[in-house]
Amino acid sequence: YRVFTDAANYVRMGESPFNRHTYRYTPYLAWILSKVNGRYLFCLADTLCGQLILYLRREDETTTNNNELLWVCFLWMYN
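Everything numeric here is computed off the predicted structure, so don't read it as measured data.

What follows is about the packing of helix α3 (residues 38-59) against helix α4 (residues 66-78). Closest axis-to-axis distance for the α3/α4 pair is 9 Å, and the angle between their directions is 160 degrees. When the axis of α3 is compared with that of α4, the two are roughly antiparallel. The two elements α3 and α4 meet at a crossing, and its hand is right-handed. Along the contact surface, α3 presents Asp46, Thr47, Cys49, Gly50, Ile53, Leu54, Arg57 and Arg58, while α4 presents Glu68, Leu69, Val72, Cys73, Trp76 and Met77. When the residues that make up the contact of α3 with α4 are grouped by side-chain class, the tally is 8 nonpolar, 2 polar and 4 charged.

All told, the structure shown has 0 disulfides when counted by the stated rule. Cysteine 43 forms no disulfide, and the closest cysteine sulfur to it belongs to cysteine 49, at a distance of 12 Å. The partly exposed category is assigned to cysteine 49, whose relative accessible area is 34%.

So, about helix α1 (residues 2-12). Structural remark: α-helix, 3.6 residues per turn; residues separated by three or four positions point the same way. Of the residues making up α1, those classed as buried are Val3, Phe4, Ala7 and Ala8. An end-on view of α1 places all buried positions within 130 degrees of arc, on one side of the element. Opposite the packed face of α1, turned more than 90 degrees from it, sit the exposed residues Arg2 and Arg12. Its buried side turned inward, α1 meets α2 (27-35) and α3. Glycine 14 sits one or two positions beyond α1 and adopts a positive phi of about 85 degrees.

The subject of this paragraph is the packing of aromatic side chains. If you walk through the whole model with that rule in mind, you get 6 aromatic pairs. Here phenylalanine 4 and tyrosine 25 contribute two aromatic rings whose centre-to-centre distance is 4.9 Å and whose plane-to-plane angle is 40 degrees, an arrangement assigned as tilted. Of the two residues, phenylalanine 4 is situated in helix α1 and tyrosine 25 in the loop between α1 and α2; the sequence distance between them amounts to 21 residues. Note on phenylalanine 4 and phenylalanine 42: the rings are 5.2 Å apart at their centroids and 50 degrees apart in plane angle, and the pair reads as tilted. With phenylalanine 4 in helix α1 and phenylalanine 42 in helix α3, this pair connects stretches of sequence that are 38 residues apart. The exposure class of phenylalanine 4 is buried, given its relative accessible area of 17%. Ring pairing ties together the aromatic residues Phe4, Phe18, Tyr23, Tyr25 and Phe42, which thus form one cluster.

Rules used in this analysis
Residues numbered from 1 in each chain as written. Predicted model: local features only at pLDDT ≥ 70, side-chain atom pairs only at ≥ 80, totals over all residues. Heavy atoms only, no water. Axes fitted to C-alpha atoms, helices over the stretch in contact; angles between N-to-C directions. Helix = DSSP H or I, 4+ residues; strand = E, 2+ residues; numbered from the N terminus. Parallel < 35°, antiparallel > 145°, perpendicular 65-115°, else oblique. Left-handed = near helix turned anticlockwise from the far one by under 90°. Contact = heavy atoms within 4.5 Å. Nonpolar A, V, L, I, M, F, W, Y, C, P; charged D, E, K, R; others polar. Disulfide = S-S within 2.5 Å. Buried < 20%, exposed > 50% of the residue type's maximum accessible area, 1.4 Å probe, protein only. Arc of directions from axis to C-beta. Phe/Tyr/Trp six-rings, centres within 6.5 Å; stacked < 30°, edge-to-face > 60°.

The structure is reproduced here in structure tokens:
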């Protein structure tokens, strides 16, 4: 998370996000994070991915165990 925050700070100062030596992502991500709070953005993205996992696993006909389905979603959210 610090890598993204540092890159966003560089963008706010008008510099390149790649001044952070370990930043290897798109500059658009640093620009977006300079405009919004990154923690909320990442929480929203994780929640949407969890919902997508839940939806795709429910559509899968081989998944019949509801506990297994909830366990997979729980592990994603816990990560």
